[in-house]
Amino acid sequence: MNFNFRRFRAISRKEFLHILRDPRSLIISLALPIIMLLIFGYALSLDVDRIPTAVLDLDQTPASKDMIAAFDGSRYFELGDPAENYQDLTRKIDTGEILLGIVIHQNFAREALQGRSARIQLLLDGSDSNTASIAKGYADALILQRSSALRDAAQNRLGAPKIDLPVDARIRVVYNEDLRSRNYIVPGLIAVILMIIASMLTSLTVAREWETGTMEQLISTPVRPMELLLGKLSAFFAVGMCDMIICLLAGIFIFEVPLRGNPLELLAISMVFLFGALCWGIMISTVARNQLMAFQLGTLTSFLPAFLLSGFIYSIDNMPIVVQTLSYFVPARYFVTAIKGIFLKGSTLDVLWLEVSLLTLYAVGVFLLATRKLTLKVA
């Protein structure tokens, strides 16, 4: 079957005119990604700081107050009104007023200055196990730091030499030095948004043509299925790339995510992924042929896998083996890996060759499958 560029150009021109004649849909298509990016970018955060905390100080000494001041000066804890007793502290945890309760026992200062083990109790609301574990880690690190200072003071008071720690850990964070979760979330969010927008654009639009009968009119013309498919894709591809550039600029200038890699390589990989996502939308619309079913299938096959199985937020390595196996069939997984690598690590194509190869294989495979589905409809 010969490809006729003139027929392709006619279909492409028709689709561009159709988009331009519906400015509301065009505005929604361009505005929706930035709205989703702003909502998810600001709402989703893996940072745990300003943890609601209350202290029960049973010692009331300068040493205990110094420990409380250390918690108060940390950005990870937000101290509220001190607890009056154990019952008041547990009530604050039960009502959700605080996440962490700190109990400094009596004789804390005396035991610490005598070089003995001084007692501090941590009470945590474990309803959110992940946040509670992180809060416990922050509290343990701060207490360990202050304990070392108290031990050195005790050693100095006794005239003993300072005890050096057996291990001197020196931590160096690469790629995301400030440990901002936004730097991790926003690039993956761009991939998820692009997958959703691309599949929805084509699936709903083409399904509407099936419902109104205009698709049958197009099929009855001499236009070949491949020419029809590529002609329709060209207009939506342009809209999708505009969405990608909008999201990219928003990520860099609004969320201040560093782009360490080559933006041209990022756009090239995005084109491959976008083409495959658009073809997937065409195939959904060919199978569904009505907007309600196309929307349901699009949500089921684009939003949920891209959000849950791409490694966008949830680590794939921590998932069950069966779910990990399913994630290999989610193209967003490879695009999320590529876009995060380019954004945060400055990865190049020679490092991301596997992800690029699989995305290319996905795009070509879905294109051929969509063309065959459309050919069967024509027949």
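Refer to the structure presented above.
Thresholds applied
- Residues numbered from 1 in each chain as written.
- Predicted model: local features only at pLDDT ≥ 70, side-chain atom pairs only at ≥ 80, totals over all residues.
- Heavy atoms only, no water.
- Salt bridge = Lys/Arg side-chain N within 4 Å of Asp/Glu carboxyl O.
- Helix = DSSP H or I, 4+ residues; strand = E, 2+ residues; numbered from the N terminus.
- Buried < 20%, exposed > 50% of the residue type's maximum accessible area, 1.4 Å probe, protein only.
- Phe/Tyr/Trp six-rings, centres within 6.5 Å; stacked < 30°, edge-to-face > 60°.
- Lys NZ or Arg CZ within 6 Å of the ring centre and 35° of its normal.
- Arc of directions from axis to C-beta.
- Contact = heavy atoms within 4.5 Å.
- Polar contact = N/O pair within 3.5 Å; in protein donor to acceptor, adjacent residues only side chain to side chain.
- Expected span 1.5 Å × (residues − 1).
- Pairing = 2+ DSSP bridges.
- Axes fitted to C-alpha atoms, helices over the stretch in contact; angles between N-to-C directions.
- Right-handed = clockwise from strand over helix to strand, strands pointing away.
- Parallel < 35°, antiparallel > 145°, perpendicular 65-115°, else oblique.
- Left-handed = near helix turned anticlockwise from the far one by under 90°.
- Patch = residues over 30% accessible without salt bridge, like charges linked within 9 Å, V, L, I, M, F, W, Y side chains within 5 Å.
- Areas by Shrake-Rupley, 256 points an atom, 1.4 Å probe, with all protein chains shown as cover.
- Core = buried A, V, L, I, M, F, W, Y, C linked by side-chain atoms within 4.5 Å.

A. The arrangement of the pattern of salt bridges in detail. Evaluated as defined, the whole model comprises eight salt bridges. Glu78 serves as the salt-bridge partner of Arg50, at 3.3 Å between the closest nitrogen and oxygen. Residue Arg50 is located in the loop between helix H2 (23-43) and strand E1 (51-57), and its partner Glu78 is located in strand E2 (residues 77-79); the two are separated by 28 residues in the primary sequence. Asp140 is the partner of Lys136 in a salt bridge, and the nearest nitrogen-oxygen pair spans 2.9 Å. One end of the pair is Lys136 and the other is Asp140, both in helix H6 (residues 129-157) and four residues apart, which spans about a single turn. In this structure Lys136 comes out as partly exposed when scored by relative accessible area, which is 42%. Accessibility expressed as a relative area gives 32% for Asp140, which makes it partly exposed. Put simply, Lys14, Glu15 and Lys232 are held in one network by salt bridges that share partners.

B. Broad picture of the packing of aromatic side chains. For the structure shown, the criterion picks out seven aromatic pairs. Ring centres of Phe307 and Phe312 lie 5.3 Å apart, and the angle between their planes is 65°; on these two criteria the pair is classed as edge-to-face. Neither Phe307 nor Phe312 differs from the other in exposure class; each is buried. One residue, Arg333, lies across the ring of Tyr328, its end atom 4.3 Å from the ring centre. Taking the ring centre of Tyr184 as reference, the NZ or CZ of Lys340 above it sits at 3.4 Å.

C. Highlighting helix H4 (residues 86-94). Residues Asp88, Leu89, Lys92 and Ile93 constitute the buried set of H4. One side of H4 holds all its buried residues, which, seen down the axis, span an arc of 140°. Those residues of H4 that are exposed and aimed more than 90 degrees away from the buried face are Gln87 and Asp94. If you follow the buried residues of H4, they end up packed against E1, strand E3 (100-104) and strand E4 (120-124). For H4, the side-chain oxygen to backbone nitrogen distance between the N-cap and Gln87 is 3.2 Å, and the N-cap itself is Asn85. Directly beyond the C-terminal end of H4, a positive phi value near 80° is found at Gly96.

D. Fine view of helix H13 (residues 331-345). The terminal C-alpha atoms of H13 lie 21 Å apart, and with 15 residues this matches the ideal 21 Å at 1.5 Å per residue to within 8%. Burial runs high along H13: 13 of the 15 residues are buried. Backbone geometry just after H13 places Gly346 at a positive phi near 70°.

E. Spotlight on the sheet that holds E1. The strand order across the open sheet built from four strands is E2-E1-E3-E4, with neighbouring strands paired in mixed fashion. In this open sheet, the two strands that pair with only one neighbour each are E2 and E4. When the angles between neighbouring strand axes are averaged without regard to direction, this sheet yields 30°. Across five bridges, E1 lies against E3 in parallel orientation. Residue pairing in the sheet places Leu56 in a bridge with Val103 of E3.

F. A look at the pairing of E1. Most of E1 sits inside the fold, with six of its seven residues counted as buried. Judged from the three bridges that link them, E1 and E2 form a sheet pairing that is parallel. Following the sheet pairing, Ile51 is matched in E2 by Phe77. You can see the chain leave E1, run along helix H3 (residues 62-73) and come back into E2, and the turn it takes is right-handed.

G. Summary view of the packing of H2 against helix H9 (residues 225-254). Taken N-terminus to C-terminus, the directions of H2 and H9 make an angle of 30°; their axes are 10 Å apart at the nearest point. In terms of orientation, H2 and H9 fall into the roughly parallel class. Crossing hand, H2 versus H9: right-handed. Contact residues: H2 offers Leu26, Ser29, Leu30, Pro33, Ile34, Leu37, Leu38 and Tyr42, while H9 offers Val239, Cys242, Asp243, Ile246, Cys247, Ala250, Gly251 and Ile254.

H. Inspection of a nonpolar patch on the surface at higher detail. A contiguous nonpolar patch, built from Leu38, Tyr42, Ile245, Leu249, Phe253 and Ile254 and spanning about 580 Å² of accessible area, is present on the exposed surface. Taken together, the elements giving at least two residues each to the nonpolar patch come down to H2 and H9. Broken down by element, the nonpolar patch gets its largest block of residues, four residues, from H9. Looking at the secondary structure, you find Ile254 in helix H9.

I. Examining the nonpolar core more closely. Ranked by size, the top nonpolar core spans 73 residues in total, and within it Leu37, Ile190, Phe335, Ile339 and Phe343 carry the most contacts. Among residues more than four places away in sequence, those in contact with Ile190 are Leu37, Met244, Cys247, Leu248, Ile339 and Phe343. Ranked by size, the runner-up nonpolar core spans 20 residues in total, among them Val48, Val55, Leu100 and Ile102.

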